[in-house]
Amino acid sequence: MKTLDKIPTGKIERASQLVKTGIKVGGNYVAYYGEKIVNPSLNRDKLNESNAEDIYDGLKNLKGSALKVAQMLSMDKSIMPQAYVDKFSLSQFSVPPLSAPLVRKTFKKYLGKYPEELYDSFTPDAMNAASIGQVHKATKDGKKLAVKIQYPGVADSISSDLALVKPFAVRMFNIKGKDSDKYFQEVENKLLEETDYILELKQSIEVSDWCSKIDNLRFPKYYPEFSSEKILTMEWIDGEHLSEFTSHNQDRVKGDKIGQALWDFYMYQMHYLKQVHADPHPGNFLIDAENYLVAIDFGCIKHVPDEFYIPYFELAKPEIIGNPKLFNEKLYELEILRHDDSKQEIEYFTKIFHDLLSLFTKPFHGDYFDFSDEDFFSKIAQMGEDFSKDTQLRKMNGNRGSKHFLYINRTFFGLYNLLHDLKARIDTKSFEKYIPS
C-alpha cells in the first residue's frame, strides 16, 4: 500500500482537498443525470459507488476527524447506502499509513529515541492504519507488542475540520437555534480526547481492570514506559477483526458466545460504571484463537450522567412507553420536546419518538433477544428511510435531544450492528451477575 510522507494540517490546505472532492462528486452527478436521460431506468447504485469512492479517496489522505466522520457513518447501516458503508468501513483499519521516516521522526519527538533503540525489533511498515493512528508490531524481552502511533497534526486540525463540516450538518439535520453548538462541542471534545494517548492509556488500564471478570472477554496488557501523548504500546494479541470473523463464521454457538461477552461488556459499563466504550466498530475488537472477544481501543469513553441515564433507560420500559403522560414527561427531561415547541411540533415529535423507541428498545423488553432477527433490522432500516423522505420533518426544528444522545445512540447503533453480524442470541440479563449486590 502507498505510504504518506506528509498529512495536510493547515486549514486552507485541508479545505482545498475537500473542495476538490466536492468538484469530483459534482461531476459524478452531472454524468449520472446525463446517462439517465438516455436510460430512464438507471438506478443510483453506480452514482453511490462513484461518490463513495471519491469521498473516501479525498478523506483518507486527510486522516483525523475528517476520516473519523466517515468511520462513524459506516456504522449506520440502516441509513447509509451500502456503497458508502462498504467504502467508509475501510477507514476502521485500512487506510494509507505513514512512511517509515515519518514514523521514526514521531518516535524521536515524543519518546526521545528511535524505535530501534526502544524495542528489540520493530516493523517499519504499519500492520493496520485507521483514522487517527496506525499500529506497528514490535518485540521486547520476548514479548510481542502492538505500538499505536498518532498521525501528526490530527489534534490541531479537529476544530477547523468541524468548522468545515458544520454548515453541511446544519442543513442535513435541519438544526436551528443557538443551542445547536452544544452538539458540535460534544463531538469536538470527544475527538480531542481520542488524540490524547495519555488519557487513553489511563482509560485502557482502568476499563481492563474493571471488566476483567466478564466471561469470554480479554484485554491486552499496557506498557506506560513505552507510551506518550502520541504513542501507545500494548500487548500484541493475535486474532481476526470482528468483521473478518463474521464474514466466514457459520457456528451459531461461537457467535452466541462472543455476542454474549460483547453485550455483557457494554451493559456492565453502561449500568454499573456509568461510562462506556463509545466506539463499537469492528476494527476495535478481535476474536482470538479460543474465540474470546478482545477489546483493543479505549480512546473514546463516554461518561453517562444520572440526569440522562435515568430517563433514557426509563424510556426502554414498556410501561413508560405505554403511558402517554409518563412518556411525555421523559421526552421533556431528555430535551426531545422543548418548551417553545408548537402544538404541531409536540404532536409530531411525540409520535416519531414513540414509534422509534417502541422498536429500538425491544431488546430490553424481555430476558432474551435474537439479534439475527431480520425483521427487527429491516424495520429499523425502513424507519430510517421513511425519516429521510419525510418532507414534514425537514420543516421542523431538528435541534432535538440532550447532547448525550450523540454518543449513546451511536454506541447502541454500533452494538446492535455488531450483534447482528454475529447473529447472536443474547441473555439480556446476564450482565447483572457481574454487578455487586
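Please refer to the structure higher up on the page.
> Before we move on, can you summarise the sheet that holds strand β5 (residues 217-218) with the specific residues and values?
Pairing in this open sheet of four strands is mixed, and the strands run β5-β10-β9-β7 from one edge to the other. Looking at the sheet topology across the chains shown, the edges are occupied by β5 and β7 (240-241). As defined by bridge partners, β5 adjoins strand β10 (residues 293-295) across two bridges and the pair is classed as parallel. Bridged to Arg 218 within β10 is Val 294.

> Tell me about the packing of aromatic side chains, residues and numbers included.
The description of an aromatic ring pair rests on the distance of the ring centres and on the angle between the ring planes. For the coordinates displayed, the defined rule picks out 30 aromatic pairs. Summarising the aromatic geometry, the rings of Phe 313 and Phe 412 are spaced 6.1 Å apart at their centres and angled 65 degrees between planes, so their arrangement reads as edge-to-face. Of the two residues, Phe 313 sits in helix α12 (residues 306-314) while Phe 412 sits in helix α18 (residues 405-422), which places them 99 residues apart along the sequence. Judged by its relative accessible area of 2%, Phe 412 falls in the buried class. Here the guanidinium or amino end of Lys 108 rests over the ring plane of Tyr 114, the centre of that ring lying 5.1 Å away.

> How would you summarise helix α14 (residues 324-333) if you had to cite specific residues and measurements?
Phe 327, Lys 330 and Leu 331 are the residues of α14 that are buried. All buried residues of α14 lie within an arc of 105 degrees about the axis, which places them on one face of the element. Where α14 is buried, its residues meet α12, α13 (318-321) and α15 (343-360). In the stretch just after α14, Glu 335 is the one whose phi turns positive, near 65 degrees.

> Residues and numbers for the pairing of strand β3 (residues 133-140), please.
Sheet topology places strand β1 (residues 121-122) next to β3; two bridges connect them, and they run antiparallel. What sits directly across from Ser 121, in β3, is Thr 139. Pairing of strand β2 (residues 128-129) with β3, which is carried by two bridges, proceeds in the antiparallel orientation. The residue of β3 that forms the bridge with Asn 128 is Val 135. Counting the residues in the hairpin turn of β2 and β3 gives three residues.

> With reference to specific residues and values, describe the environment of Ala 146.
Residue position: Ala 146 is located in strand β4 (residues 143-150). Leave out the neighbours within four places in its chain, and Ala 146 touches Val 135, His 136, Leu 232, Thr 233, Met 234, Glu 235 and Trp 236.

> Any chance you could break down helix α8 (residues 181-194) for me, citing the residues and the numbers?
The terminal C-alpha atoms of α8 lie 20 Å apart, and with 14 residues this matches the ideal 20 Å at 1.5 Å per residue to within 8%. Every buried residue of α8 is listed here: Tyr 183, Phe 184, Glu 186, Val 187, Glu 188, Lys 190, Leu 191 and Glu 194.

> Account for the side chain of His 271, naming residues and giving values.
Tracing the chain through its elements places His 271 in helix α11 (residues 252-273). Among the residues examined, His 271 registers a relative accessible area of 19% and is labelled buried. For His 271, the contacting residues outside a window of four places in its chain are Tyr 309, Phe 313 and Phe 431.

How each quantity is defined
Residues numbered from 1 in each chain as written. Predicted model: local features only at pLDDT ≥ 70, side-chain atom pairs only at ≥ 80, totals over all residues. Heavy atoms only, no water. Pairing = 2+ DSSP bridges. Helix = DSSP H or I, 4+ residues; strand = E, 2+ residues; numbered from the N terminus. Phe/Tyr/Trp six-rings, centres within 6.5 Å; stacked < 30°, edge-to-face > 60°. Buried < 20%, exposed > 50% of the residue type's maximum accessible area, 1.4 Å probe, protein only. Lys NZ or Arg CZ within 6 Å of the ring centre and 35° of its normal. Arc of directions from axis to C-beta. Contact = heavy atoms within 4.5 Å. Expected span 1.5 Å × (residues − 1).

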